[in-house]
Amino acid sequence: MANNKINVTVDNIFPIIKKFLYSDHEIFLRELVSNATDASLKLKTLVQLGELKQEVDELKIEIKIDKKKNILYVIDQGIGMTKEEVEKYISQIAFSGAEEFVEKYKDKSDQSQAIIGHFGLGFYSAFMVADKVEILTKSYQEDAPATHWTCDGSPEFTLEVADKKNRGTEIILHINKENKEFIEERRIHGLLTKYCKFMPIAIKFGEREETRKIEDDKEEKIKVDDIVNNPTPAWTKKPSELKDEDYLKFYRELYPTQFEDPLFWIHLNIDHPFHLTGILYFPRLKNQIEIQKDKIQLYQKQVYVTDNLEGIVPEFLISLRGVIDSPDIPLNVSRSYLQADAAVKKVSSYIIRKVGDKLESLFKNNREDFEKKWEDMKIIIEYGMLSDEKFFKKTQGFAIYPTVEGQYLTFEDLTERIKGNQKDKDGKLIYLYTPDKNIQHSYVQTAKDKGYTVLSLNSPLTPHLIQKLEMTHKDTSFVRVDAGYIDKLIKKEENTTSKLSEEEKENLKKIIEEELENSKFTVQLENLESTTTPFMITIPEFMRRMKEMSITDGGMFNVSQMPEMYHLVVNTNHDLMCKILNSKDEERKKQLIRDALDLTLISQNLLHGKTLTEFVSRGFARLASA
């Protein structure tokens, strides 16, 4: 038996490892299973290249617990190590055997490219949870004796010949008192599911019962290995090898509590200028502006890394679900935080482009189906249009805008439709819209009676989106249908004169303002058609839009806290105005104003059908003639 010291270049390395190397102690299991996976893949590489003539059965990694002795085992059937390799790879911290192996075989085998470890310090994460760690290993080289390495967490270790017959490595962790949770079956099973669910080598953790038919009418229960991972997940396969049901099955494997199928998915696969594979699923989001994050999982060669993908996946796509796997995304030693470098930016740009291409393809190949899915996915697309200029340009071919009649038009289609009828006297195109066609029924109907097209835009991002469209397209303006009387929203040549003199107008305005004193209304006199309602309540387009944008921006500039502002548009040509002016009874004047205002409020807030519309119209007529 030999006594030696671990070769380190930093004093007191073990306290640093135990306290600061990883933010979460649980990460030790991922590192050890990753090393076991590497060892198994190395063996497969040698067999593939013909350098190993031994027969190799289907390899697996086994995790075992001995509660009585507080021991956790990680056992593999991989390449194993000689005494010299243990001294080289284990006793010299930060020297990575996997990295050297990949370099040697990088041009000879696909298996070598699947090797996970190139971090060097991963094995020593075991000392975060164990007082003592042992390695019992036997190399694939037939003449090499087995080796037993032991270390108690100090720089000293022992190395001796061992009695081990089978090829492979056992890592034996003597779990310390502070970390007894790691000898509990449920805890270990949870960690294997979290970090090792898709590792490329089968992982056994205990046994389970399985019913097997032995005769036509007889069955027996047998115990089989409980394999806790899926070594060949869908993203590792070619799209041509998968059917829709395979993608949906994998989606349920990722998210077992999700009962609603995704809208569609995108299979990512790129080899140059970086390596990346994965599958992204579009969930049904509707108008959820509070997007749930942490649903995309990042893997490195099938080893789980994190679900915090800020910087890799653009923010507007962070609410998607699925998996991204790339060996080229740089990580620090804990694999917990991503470094913002050129490789990451390339990955993000690629994902944006692939999503844009997929959406464009769906639109062109089956527009009807795309329109059916629009309400469930528009929030993602609109968010992308606002946050990424390249994506915005891409969407011009497939972003659609629904009308109140349920038609879906691209911006180009929409512009072509309205350019003959919805252009104001200054040559500006006016795009009318409503956030709720039922609540604003009377406004919508007035616009439709004029032959105008009204869009139904009810997304929380609508104020930002129309602002973006107005800035992008010259001589374009979006106006909500309740922002004013329809002839004032799309101003044509002024033809209507007033029945009242300027003096009568001033008197009328004064009478109405006195009655509405201390209210939230600002009185505006307009020369409208005599058949138009006497009063109309409108909200200034600019102020309302600013308030709506402030809400989605988290209350920026405190605009959302400003009091509501309403214009009371008074039609000077309605017969009721003459009635108010000519009445000698002051109380009668006030009553006429209050009754007309009540009818207006009913009309504009509660009007949903033809019967009520007629009722309100008759009410105005009675007031004027009474």
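Each value, and the rule that gives it
- Residues numbered from 1 in each chain as written.
- Predicted model: local features only at pLDDT ≥ 70, side-chain atom pairs only at ≥ 80, totals over all residues.
- Heavy atoms only, no water.
- Helix = DSSP H or I, 4+ residues; strand = E, 2+ residues; numbered from the N terminus.
- Buried < 20%, exposed > 50% of the residue type's maximum accessible area, 1.4 Å probe, protein only.
- Contact = heavy atoms within 4.5 Å.
- Core = buried A, V, L, I, M, F, W, Y, C linked by side-chain atoms within 4.5 Å.
- Pairing = 2+ DSSP bridges.
- Axes fitted to C-alpha atoms, helices over the stretch in contact; angles between N-to-C directions.
- Expected span 1.5 Å × (residues − 1).
- Arc of directions from axis to C-beta.
- pLDDT = per-residue confidence, 0-100.
- Parallel < 35°, antiparallel > 145°, perpendicular 65-115°, else oblique.
- Left-handed = near helix turned anticlockwise from the far one by under 90°.
- Nonpolar A, V, L, I, M, F, W, Y, C, P; charged D, E, K, R; others polar.
- Salt bridge = Lys/Arg side-chain N within 4 Å of Asp/Glu carboxyl O.
- Phe/Tyr/Trp six-rings, centres within 6.5 Å; stacked < 30°, edge-to-face > 60°.
- Lys NZ or Arg CZ within 6 Å of the ring centre and 35° of its normal.
- Patch = residues over 30% accessible without salt bridge, like charges linked within 9 Å, V, L, I, M, F, W, Y side chains within 5 Å.
- Areas by Shrake-Rupley, 256 points an atom, 1.4 Å probe, with all protein chains shown as cover.
- Lys, Arg positive; Asp, Glu negative; His and termini not counted.
- Charge placed at Lys NZ, Arg CZ, Asp CG, Glu CD.

Turning next to the overall build of the protein. Helix and strand counts for the protein come out as 18 helices and 22 strands. Within the protein, buried positions represent 51% of all 626 residues. Across the protein, the fraction of contacts at a sequence separation of at least 24, relative to all contacts at a separation of at least 6, is 70%.

Grouped together as the largest cluster of nonpolar side chains are 65 residues, with contacts concentrated most on Ile63, Phe123, Trp149, Leu173 and Leu192. Ignoring anything within four residues of it in the chain, the contact list for Leu173 reads Phe28, Leu32, Asn70, Ile71, Leu72, Ala126, Val129, Ala130 and Lys132.

Turning next to the sheet that holds strand 13 (residues 303-306). Think of a sheet as strands paired side by side through backbone hydrogen bonds, with each pair either parallel or antiparallel. The strand order across the open sheet formed by 5 strands is 10-11-14-12-13, and the pairing between neighbours is mixed. In this open sheet, the two edge strands, each paired with only one partner strand, are strand 10 (264-270) and strand 13. Mean inter-strand twist for the sheet, computed between neighbouring axes without regard to direction, equals 20°.

Moving on, we get to helix 2 (residues 27-48). Across its 22 residues, helix 2 extends 31 Å between first and last C-alpha, which sits within 8% of the 32 Å expected from 1.5 Å per residue. Most of helix 2 sits out of view: 18 of its 22 residues are buried. Of the residues one or two after helix 2, Gly50 is the one with positive phi, at around 80°.

One open sheet accounts for 3 strands, arranged 18-17-19; its pairing is parallel. On the outer flanks of this sheet lie strand 18 (454-456) and strand 19 (476-480), each paired with one strand and no other. Between one strand axis and the next, the sheet turns by 35° as a mean value, whatever way the strands run. Pairing between strand 17 (residues 429-434) and strand 18: 3 bridges, direction parallel. Note on strand 18: the bridge partner recorded for Tyr433 is Leu455. Strands in contact with helix 12 (residues 462-472) are strand 17 and strand 19; relative to strand 19, the strand with the most contacts, it is inclined by about 155°.

Here we take up helix 6 (residues 244-254). Every buried residue of helix 6 is listed here: Tyr247, Leu248, Phe250, Tyr251 and Leu254. Looking straight down helix 6, one finds that the buried residues subtend no more than 160° of arc, so they occupy a single side. Exposed side chains of helix 6 directed beyond 90 degrees from the buried face belong to Glu245 and Lys249.

For the rest of this paragraph, the subject is the confidence of the model for the protein. Confidence along the protein averages 82 in pLDDT terms, with 80% of residues attaining 70 or more. Mean pLDDT across the elements of the protein ranges from a minimum in helix 4 (residues 97-105), with 53, to a maximum in strand 3 (residues 71-76), with 97. Within the model, pLDDT remains below 50 along residues 111-120, and this stretch shows 41 contacts once partners closer than five positions in the same chain are excluded. Contacts of residues 606-611 to residues separated by more than four positions or lying in other chains number 14 contacts, the stretch itself having pLDDT below 50.

The next thing to look at is the packing of helix 8 (residues 367-387) against helix 12. Two numbers describe how helix 8 lies on helix 12: the axes approach to 10 Å, and their chain directions differ by 45°. Relative to helix 12, the element helix 8 lies oblique. Considering how the two elements wind past one another, helix 8 and helix 12 form a crossing that is left-handed. In this structure, helix 8 uses Glu382, Met385 and Leu386 to contact helix 12, whose residues at the interface are His464, Leu465 and Lys468. Split by residue class, the contact of helix 8 with helix 12 holds 3 nonpolar, 1 polar and 2 charged.

On to the packing of helix 2 against helix 5 (residues 185-195), then. Two elements in contact, helix 2 and helix 5, have axes separated by 10 Å at closest approach and are oriented at 65°. Both helix 2 and helix 5 take part in a crossing whose hand is right-handed. On the side of helix 2, the interface is formed by Ile27, Leu29, Arg30 and Val33, while helix 5 contributes Ile188, Leu191, Leu192 and Tyr195. Its residues placed into classes, the contact of helix 2 with helix 5 shows 7 nonpolar, no polar and 1 charged.

Pairing between side chains becomes possible if they bear opposite charge and their charged atoms approach one another. Enumeration over the complete set of coordinates arrives at 35 salt bridges. Residue Lys204 is joined to Asp225 by a salt bridge in which the shortest nitrogen-to-oxygen separation is 3.2 Å. Remark: Asp225 occurs in strand 9 (residues 218-227) and Lys204 occurs in strand 8 (residues 202-215); sequence separation between them is 21 residues. A salt bridge links Lys589 to Glu586, with the nearest nitrogen and oxygen atoms 3.7 Å apart. On the criterion of helical spacing, the pair formed by Lys589 and Glu586 is a turn pair, its members being 3 residues apart in helix 17 (residues 586-606).

What follows deals with the packing of aromatic side chains. All chains considered together, the criterion is met by 26 aromatic pairs. Judged by centre distance (5.1 Å) and plane angle (40°), the rings of Trp235 and Tyr299 are tilted. Of this pair, Trp235 sits in the loop between strand 9 and helix 6 while Tyr299 sits in strand 12 (residues 296-300); the two residues are 64 residues apart in sequence, bridging distant segments of the chain. Among the residues examined, Tyr299 registers a relative accessible area of 1% and is labelled buried. With a centroid separation of 6.3 Å and 75° between ring planes, the pair formed by Phe370 and Phe398 is classed as edge-to-face. Residue Phe370 is found in helix 8, and its partner Phe398 is found in the loop between helix 9 (389-395) and strand 15 (400-402); the two are separated by 28 residues along the sequence. As far as the burial class goes, Phe370 and Phe398 line up, both buried. Following the ring pairs from residue to residue traces out a cluster consisting of Tyr195, Phe198, Trp235, Phe250, Tyr299 and Tyr304. Note that Arg321 overlies the ring of Tyr255, its terminal NZ or CZ placed 5.9 Å from the centroid.

Moving on to the pairing of strand 9. As paired elements, strand 8 and strand 9 share 9 bridges and run antiparallel to each other. Bridge pairing in strand 9 places Lys213 opposite Glu219. Following strand 8, the chain reverses through 2 residues before pairing antiparallel with strand 9.

Looking now at a negative patch on the surface. On the surface, a cluster of negative charge is contributed by Asp131, Asp152, Glu156 and Glu178. Mapped onto the elements of the fold, Asp131 is located in strand 4 (residues 130-138). Among the residues examined, Asp131 registers a relative accessible area of 46% and is labelled partly exposed.

In this structure, Asn70 takes a positive phi of about 55° despite not being glycine. Backbone geometry at Lys301 places phi at a positive 55°, although glycine is not the residue there.

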